[in-house]
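Architecture and fold: a report
Spelled out from the first residue to the last, the chains are:
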Amino acid sequence: PALLTMLEIPDYPTRVALVSGASRGIGRGVAERLARDFAGVAIVARDEATLRETAATIRDAGAEPLIIASDLRQADAPAAAVARTAAHFGRIDALATIAGAVA
């Protein structure tokens, strides 16, 4: 089957994305781009201060940000981020695992 573009997804403006590595670089760029079309964007990274900056640009783009300051290297952290996002928004439609530490 052919892949659908984001604009072809039904109920696109109500969608929610979860983006890891969203405090800087490519992850931040992906989160900010998704915010232009998605209703909510959960952003995950270790540095809460830079996540707050990303959240401000998400809000300015018209989406609701959810800041999750977490170290995804911890065994329970990924499941907790998913659970928190689903509890807050009631759904997760897209997952972007952009960056991660390797130490």
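Okay, so let's go over this structure. (Residues numbered from 1 in each chain as written. Predicted model: local features only at pLDDT ≥ 70, side-chain atom pairs only at ≥ 80, totals over all residues. Heavy atoms only, no water.)

**Here we look at the overall build of the chain**
As a reminder of what qualifies: Labels follow the DSSP assignment, with helices taken as runs of H or I lasting at least four residues and strands as runs of E lasting at least two, numbered in each case from the N terminus. Summary of the burial criterion: residues with accessible area below 20% of their type's maximum are buried, those above 50% are exposed, and those between are partly exposed, where the area comes from a 1.4 Å probe applied to protein chains only. A contact between two residues is defined here by any heavy atoms of the two lying within 4.5 Å. Note on areas: Shrake-Rupley, 1.4 Å probe, and residue coverage restricted to the protein chains presented here.
Scanning the chain from terminus to terminus reveals 3 helices and 4 strands. Its helices and strands taken in sequence order, the chain reads β-α-β-α-β-α-β from the N to the C terminus. Counting all 103 residues of the chain, 35% fall into the buried class. Put simply, of all contacts in the chain between residues at least 6 apart along the chain, 57% involve residues at least 24 apart. Surface exposure of the chain reaches about 6,000 Å², of which carbon and sulfur atoms provide 57%.

**Section: the sheet that holds strand 4 (residues 94-97)**
This is how the line gets drawn: Only when DSSP finds a minimum of two bridges between them are two strands counted as paired. Here, axes are lines fitted to C-alpha atoms. For helices the fit covers the stretch in contact, and angles between N-to-C directions go from 0 to 180 degrees.
Taking strand neighbours across the sheet as the criterion, the 4 strands line up as 3-2-1-4 in an open arrangement whose pairing is parallel. Looking at which strands have only one partner, the edges of the open sheet turn out to be strand 3 (64-69) and strand 4. Along the sheet, successive strands turn relative to each other by an average axial angle of 15 degrees, direction set aside. Where strand 1 (residues 16-20) and strand 2 (residues 40-45) come together, 5 bridges link them in parallel fashion. Directly across from Val19, in strand 2, lies its bridge partner Ile43.

**Let's talk about the pattern of salt bridges**
Quick note on the threshold: When a carboxyl oxygen of Asp or Glu lies within 4 Å of a side-chain nitrogen of Lys or Arg, that pair is called a salt bridge.
In this structure the tally under the stated criterion is 8 salt bridges. Of the charged contacts, one joins Arg24 and Asp47 as a salt bridge, the two residues approaching to 3.7 Å between their closest N and O atoms. Taken as a pair, Arg24 in the loop between strand 1 and helix 1 (25-35) and Asp47 in the loop between strand 2 and helix 2 (48-60) lie far apart in primary sequence, 23 residues in all. Taking relative accessible area as the criterion, Asp47 reaches 31% and is therefore assigned partly exposed. Ionic contacts of the salt-bridge type, sharing partners, join the residues Arg15, Arg91 and Asp93 into one network.

**Looking at the environment of Ile98**
For Ile98, the location among the structural elements is in the segment after strand 4. Taking C-alpha positions, Ile98 is 5.8 Å from Ser20, a pair spaced 78 residues apart along the chain. Those residues in contact with Ile98, other than ones at most four positions away along the chain, are Val19, Ser20, Ile26, Gly27 and Val30.

**Considering the pairing of strand 2**
As a reminder of what qualifies: Seen with its strands pointing away from the viewer, a crossover is right-handed if its path from the first strand over the helix to the second goes clockwise.
Extensive coverage of strand 2 is indicated by the burial of 6 of its 6 residues. In this structure, strand 2 lies alongside strand 3, joined through 6 bridges in parallel fashion. Opposite Val44, over in strand 3, you have Ile68 as the bridge partner. The β-α-β motif built from strand 2, the intervening helix 2 and the parallel element strand 3 has right-handed crossover chirality.

**Things to note about the nonpolar core**
Counted only if it meets this: Buried residues of nine kinds, namely Ala, Val, Leu, Ile, Met, Phe, Trp, Tyr and Cys, make up a nonpolar core once their side-chain atoms join them within 4.5 Å.
Counting residues in hydrophobic clusters, the biggest one holds 15 residues, and the most contacted among them are Val19, Ala22, Ala31, Leu34, Val41, Ile43 and Ile58. Looking at this core, the elements that each hand over two or more residues are strand 1, helix 1, strand 2 and helix 2. Filtering out sequence-adjacent residues up to four positions away, Val41 remains in contact with Ala17, Val19, Ala31, Leu34, Ala35, Ile58, Ala63, Glu64, Pro65, Leu66 and Phe89. Formed by 8 residues, the second largest nonpolar core is a distinct cluster that contains Leu18, Ala42, Val44 and Phe89.

So far we have only geometry, and geometry alone does not tell us how the molecule works.
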